[in-house]
Amino acid sequence: MKITGDLQLMKKINKYLVLDTIRHHYPISRADISVKTGLNKTTVSSLVTELIESHFVTEIGLGESSGGRKPMMLLFNQRAGYAIGVDLGVNYILAMVTDLGGTVVKEKRIEMTDWSVETVTEKLKKCIHSLIKKTPSSPYGIIGIGVGVPGLVDDQGNVLSAPNLGWTDVPLQEMLEREFDLPIAIDNEANVGALGEKEFGAGRSVSNMIYLSVGIGIGAGIILNDALYRGVSGFSGEVGHMTLAQDGPLCGCGSRGCWETFASEKALIHQAKSLQLVDEKIQVAEAIDKINLNTLLSLAKRGHRPVIDLFASTGHWLGVGITNLVNVFNPELIVIGNRMSLASEWIADSICETLNSHSLSFHRQKMNVVYAKLGMNSSAAGAASIAINRFFSAMKALSD
Ligand SMILES: [Zn+2]
């Protein structure tokens, strides 16, 4: 009967609303949930009882009174289940188990040199299996797997193009669904990085922010009015391919002078090699091919002037692109994440100088530039958060 169906659906939506409020505001009393949701106290109490029975909520004890009887405070039970989040980087796989509140319980990192689809997917599957084995037992077990990929991903979880991996048309979601009997979510790594920082990191109290993933390439996850902006096909945020100089260096996308040919880790290493860097600890002839970001960071730490200047130049070019984004989007926060955030000490000043001299002054007034609070974990944590949010959103569906 339709009316019964409507009532059941309404109850599920209300229950989701109560749980969502507890997840984001705990410790919280039943009375405060009623105020925040607009649901009456009787409804809140009966839904809370059901949520306690289903292990999502626990009572912690009496809280502060605002006049009358001290209220019983409620907690979200983060350990009711676990999610797996994976950051498929260009030269590494970082996979983690988080609880339902995003706290990392286990993690595993694998360095990659072979990016073929077969090798990467085999290592990825092995890595996830080993994490599943190490996950503590819980009422709901592992509720899903999220994977962030450095490329364009469609809504079926197909990786349409990942130039820095050399991948085209890889049905990654389907491949993982065949291996694991769990819900799988695949998304662009900058999008999941933005969600990670928004949900658990630097952007928790911010509604309009841009997360910049600066690694081998550059991508952005754009959060507008608290939601990820995906564009019509889910391909938004390819800021690394903004044209900064139409006759500039050739980019992996086939165009010239893209932002990432000036300001990414790949560009930095390329420039370092062409500088013919000489250091007393590096024999140029044999080491020139082995220069990587870690080499450059340790040279900068030792005060190597040409390397410090190189980081400053990268910071300048980052500032140029960020200026364009700030002028267009008027965000509250720019979060710089992924590997280039490790160089914050040497790029921060030149980013700020460029922004201060080039961006529109009105846009700068309420805007901050920070580095990822979750460090290298932003994308993996964000991938886990997609799995977690899908798990809870499914509570709103009518069928059980
Ligand atoms: Zn490009």
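Just so it is clear, the model here is predicted, and its values are computed rather than measured.

Colleague: Would you mind showing me how to read the coordination of the zinc ion here?
Modeller: When four donors bind a metal tetrahedrally, each ideal donor-metal-donor angle is 109.5 degrees, and when six bind octahedrally, the ideal angles are 90 or 180 degrees. At this site the zinc ion is bound by H241 (ND1), C251 (SG), C253 (SG) and C258 (SG), with donor distances of 2.0 to 2.3 Å. Classification of the site at the zinc ion rests on its 4 donor atoms, whose angles at the metal span 105 to 122°, yielding the label tetrahedral. Here the donor residues of the zinc ion are spaced in sequence according to H-x9-C-x1-C-x4-C. Placement of H241 in the loop between β14 (227–228) and α7 (260–263) and of C251 in the loop between β14 and α7 is noted, with a sequence separation of 10 residues between them. For C251, a relative accessible area of 8% puts it in the buried group.

Colleague: Please clarify how the packing of aromatic side chains should be interpreted in this entry.
Modeller: Pairs of aromatic rings are described using the distance from one ring centre to the other and the angle between the two planes. Taken as a whole, this structure holds 9 aromatic pairs when the rule is applied. Members of the aromatic cluster, each reached through a chain of ring pairs, are Y26, F56, F76, Y140, F391 and F392. The ring of Y92 has R109 sitting right over it, with the charged end atom 4.5 Å from the ring centre.

Colleague: Could you clarify how one ought to interpret the sheet that holds strand β4 (residues 82–88) in this entry?
Modeller: The pairing of strands in a sheet happens through backbone hydrogen bonds and is either parallel or antiparallel. The strand order β6-β5-β4-β7-β11 describes an open sheet built from 5 strands, whose pairing is mixed. Two strands lie at the open edges of the sheet, namely β6 (104–111) and β11 (184–188), each paired on one side alone. Neighbouring strand axes in the sheet, compared pairwise and without regard to direction, differ in orientation by 15° on average. The pairing of β4 with strand β7 (residues 142–149) spans 6 bridges and is parallel.

Colleague: Can you walk me through the environment of Y16 in this structure?
Modeller: Inspection of the secondary structure assignment puts Y16 in helix α1 (residues 2–25). Judged by relative accessible area, which is 16%, Y16 ranks as buried. Separated by 330 residues in sequence, Y16 and W346 have C-alpha atoms that sit 45 Å apart.

Colleague: Quick question: what am I supposed to make of the environment of A202 here?
Modeller: Tracing the chain through its elements places A202 in the loop between α6 (189–200) and β12 (209–214). Taking C-alpha positions, A202 is 7.8 Å from V370, a pair spaced 168 residues apart along the chain. What A202 contacts, discounting residues up to four positions off in sequence, is E197, L333, V335, V370 and K373.

Colleague: Even after reading the chapter, I still don't get the domain arrangement of the protein chain, so can you show me in this structure?
Modeller: It is common to give the size of an interface as the accessible area lost on bringing the parts into contact. Looking at the protein chain, the domain boundaries give domain 1 (2–76), domain 2 (80–195 + 379–396) and domain 3 (202–372). Placing the centre of domain 1 and that of domain 2 at their C-alpha centroids yields a distance of 31 Å. Contacts between the two partners involve 12 residues from domain 1, matched on the other side by 12 residues from domain 2. Carbon and sulfur atoms make up 72% of the area that domain 1 and domain 2 hide from each other, which totals about 1,000 Å². Applying the counting criterion to the domain 1 and domain 2 interface returns 2 residue pairs in polar contact (both at pLDDT 80 or more). Looking at which element gives the most residues to the side of domain 1 that touches domain 2, the answer is α1, with 7 residues. Partitioned by chemical class, the residues of the side of domain 1 that touches domain 2 number 7 nonpolar, 2 polar and 3 charged.

Colleague: I tried to follow the pattern of salt bridges on my own but got confused; where do I start?
Modeller: Following the criterion strictly, the structure yields 14 salt bridges and no others. Across the salt bridge formed by D20 and R23, the nearest N and O atoms sit 3.5 Å from each other. Taken together, the positions of D20 and R23, both in helix α1 and 3 residues apart, correspond to about one turn of that helix. Overall, D20 belongs to the partly exposed group, its relative accessible area being 24%. Taking the relative accessible area as the measure of exposure, R23 reaches 10% and is therefore buried. For R30, the salt bridge goes to E59, with nearest N and O atoms at 2.8 Å. Residue R30 is located in helix α2 (residues 30–37), and its partner E59 is located in strand β2 (residues 57–62); the two are separated by 29 residues in the primary sequence. Taking the relative accessible area as the measure of exposure, R30 reaches 22% and is therefore partly exposed. For E59, a relative accessible area of 43% translates into the label partly exposed. It is possible to trace a salt-bridge network through shared partners that takes in K11, K15 and E50.

Colleague: What's the story with helix α3 (residues 41–53) in this structure? I'm lost.
Modeller: For an α-helix the count is 3.6 residues per turn, leaving residues at separations of three or four pointing the same way. For α3, built from 13 residues, the straight-helix expectation of 18 Å at 1.5 Å per residue is met to within 8% by its first-to-last C-alpha distance of 18 Å. The opening residue of α3 is N40, an N-cap whose side-chain oxygen sits 3.1 Å from the backbone nitrogen of T42. Count one or two residues on from α3 and you reach H55, which has phi positive near 70°.

Colleague: What is the right way to read the sheet that holds strand β9 (residues 159–162) from this model?
Modeller: With antiparallel pairing, the 3 strands of this open sheet are ordered in space as β8-β9-β10. What marks the edges here is a single partner per strand, and that holds for β8 (152–153) and β10 (167–170). Here β9 pairs with β10 via 3 bridges, running antiparallel. Each residue of the ladder has a partner; that of A162, found in β10, is W167.

Colleague: I keep staring at the nonpolar core and nothing clicks. Help me out?
Modeller: For soluble globular proteins, the rule of thumb is that nonpolar side chains tend to be buried together. Among the nonpolar cores identified, the biggest contains 35 residues, and L212, W259, L296, F311, L318 and I322 are the most heavily contacted of them. For this core, the secondary structure elements donating two or more residues are β12, β13 (218–224), α8 (265–274), α10 (293–301), α11 (305–329), β15 (333–337) and α12 (344–358). With sequence-adjacent residues up to four places away left out, F311 is seen in contact with L268, L293, L296, L297, A300, A343, W346, I347 and S350. Core analysis: the next-biggest nonpolar cluster, separate from the first, contains 30 residues, L165, W167, M175 and I184 among them.

Rules and cut-offs
Note on numbering: residues in each chain are counted from 1, in written sequence order. This being a predicted model, a pLDDT of at least 70 is required before a residue's local features are given, and a value of 80 or more before pairs of side-chain atoms are given or counted; all residues contribute to the totals for chains, interfaces and linings. Here the side-chain values reflect all heavy atoms present in the structure, with hydrogen atoms and water set aside. Each metal's donors are the N, O and S atoms within 2.8 Å of it, or within 3.2 Å when it is Na, K or Ca, and because water is not part of the set, sites may look incomplete. Metal sites are grouped by the angles between bound donors: all angles between 85 and 135 degrees with four donors is tetrahedral, opposite donors over 155 degrees apart with the others between 65 and 115 is square planar for four donors and octahedral for six, and any other pattern is irregular. Numbering of helices and strands starts at the N terminus; helices are DSSP runs of H or I of at least 4 residues and strands are runs of E of at least 2. Partly exposed residues are those whose accessible area sits between 20% and 50% of the maximum for their type, while under 20% is buried and over 50% is exposed, using a 1.4 Å probe and protein chains only. Pairing of aromatic side chains here covers Phe, Tyr and the six-membered ring of Trp, requires ring centres within 6.5 Å, and sorts the geometry by plane angle: under 30 degrees stacked, over 60 edge-to-face, intermediate tilted. Geometrically, a charge over a ring is one whose NZ (Lys) or CZ (Arg) sits within 6 Å of the ring centre while staying within 35 degrees of the ring normal. When DSSP finds at least two bridges between two strands, those strands are taken to pair. Lines fitted to C-alpha atoms define the axes here, with helix axes fitted over just the stretch in contact, and angles between the N-to-C directions of these axes take values from 0 to 180 degrees. Should any heavy atoms of two residues lie within 4.5 Å, those residues are considered in contact. Boundaries between domains were set according to an automatic or database domain assignment. The term buried area refers to how much accessible surface (probe radius 1.4 Å) is lost by two components on association, counted for both of them together. Distance and chemistry together define a polar contact, namely a pair of N or O atoms within 3.5 Å, with one atom able to donate a hydrogen and the other to accept it when in protein, and with adjacent residues in sequence counting only for side-chain atoms on both sides. Residue type decides the class: Asp, Glu, Lys and Arg count as charged, Ala, Val, Leu, Ile, Met, Phe, Trp, Tyr, Cys and Pro as nonpolar, and the leftover types, Gly among them, as polar. Here, a salt bridge means any Lys or Arg side-chain nitrogen found within 4 Å of an Asp or Glu carboxyl oxygen. To estimate how far a helix should reach, multiply one less than its number of residues by 1.5 Å. Side-chain atoms within 4.5 Å are what join buried Ala, Val, Leu, Ile, Met, Phe, Trp, Tyr and Cys residues into a set we call a nonpolar core.

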